[in-house]
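Overview (structure and organization)
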Amino acid sequence: MMRGKVIFFCGSMYSFLMVGTLSGQVFLQLERKFEVKAYKYGVGDILHFQATTQSGDWQRREIEQVFPAEKYIVFTDGYVPLDEIYKVQIENKPARMAGYMFTAFGAGWVLFGGIAHVATPNNFGTRDAVIGGLSLGLGSLLTHVISKKVFTIGPRARLRIVDTRFPIPGTFLP
C-alpha cells in the first residue's frame, strides 16, 4: 500500500515539474480552400519551395526554427520571410515509390529478356519490348509528374505559421 502511494507521489511531482518544460509546437501549415486536410511542416521537416528573392529557383531546405512574431522561417543556411514564399511543392510518396517499382520492373524485364535472347534461342519480341517500355514509361510518369503537386500561395492556398504554445507567466517565448 505504501509503495503505491510513493509511486503516485513521485509521478505527481514529476508531472508537476515537467509542466514548465513542456510546450506546444510552432509549425508551418499549408491550407487549401474548401479542403479539410492541411499539410504541416515542423522543425526538422524539409520544405520544397520557391521564393521571390531567389528568382524562381526551387529550394529544398530543412526547417531549423520558426519565429511566429516576426514571420520568419530559419533554415540551416539562412532564413526566409513567410511573405516571400509563393510556391510550395508536396511529394506524394506512395506514387513516387510505385514509380520506382515500375521503373525497376521495366528495366529488369528488358535487361533479362535481352540476356535470355542472347544466351538462348528464345526470341525477345515486340511483346516483351512493349511490356518493358510501358513499365519504364509508367514508372517515369509516376516518379516525375504524378508524385509532385505544386501549390501557388494566393487566394486558393495559404501558408501560415501556427503557434500552439501556451505562455507561462514571467517567461518569454521566442
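Shown above is the structure to which this text applies.
Residues numbered from 1 in each chain as written. Predicted model: local features only at pLDDT ≥ 70, side-chain atom pairs only at ≥ 80, totals over all residues. Heavy atoms only, no water.

As a further point, take the side chain of Arg 61. Of note, Arg 61 is situated in strand β4 (residues 58-67). For Arg 61, a relative accessible area of 15% translates into the label buried. Side chain to side chain, Arg 61 and Gln 59 meet in a polar contact 3.0 Å long. Sequence-distant contacts of Arg 61, defined by excluding residues within four places in its chain, comprise Asp 45, Ile 46, Leu 47, Phe 49, Phe 75, Asp 77 and Val 80. (Helix = DSSP H or I, 4+ residues; strand = E, 2+ residues; numbered from the N terminus. Buried < 20%, exposed > 50% of the residue type's maximum accessible area, 1.4 Å probe, protein only. Polar contact = N/O pair within 3.5 Å; in protein donor to acceptor, adjacent residues only side chain to side chain. Contact = heavy atoms within 4.5 Å.)

So, about the pattern of salt bridges. Enumeration over the complete set of coordinates arrives at six salt bridges. Among the salt bridges present, the one from Arg 32 reaches Glu 35, with a minimum N-O distance of 3.0 Å. Among the ionic pairs, Arg 60 bridges to Glu 91, the shortest N-O distance being 3.3 Å. Here Arg 60 is found in strand β4, whereas its partner Glu 91 is found in strand β7 (residues 85-91), with 31 residues between them in sequence. A relative accessible area of 26% places Glu 91 in the partly exposed class. When salt bridges with common partners are traced through the structure, they connect Glu 31, Arg 158 and Arg 160 into a single cluster. (Salt bridge = Lys/Arg side-chain N within 4 Å of Asp/Glu carboxyl O.)

That is the geometry; function is a separate question.
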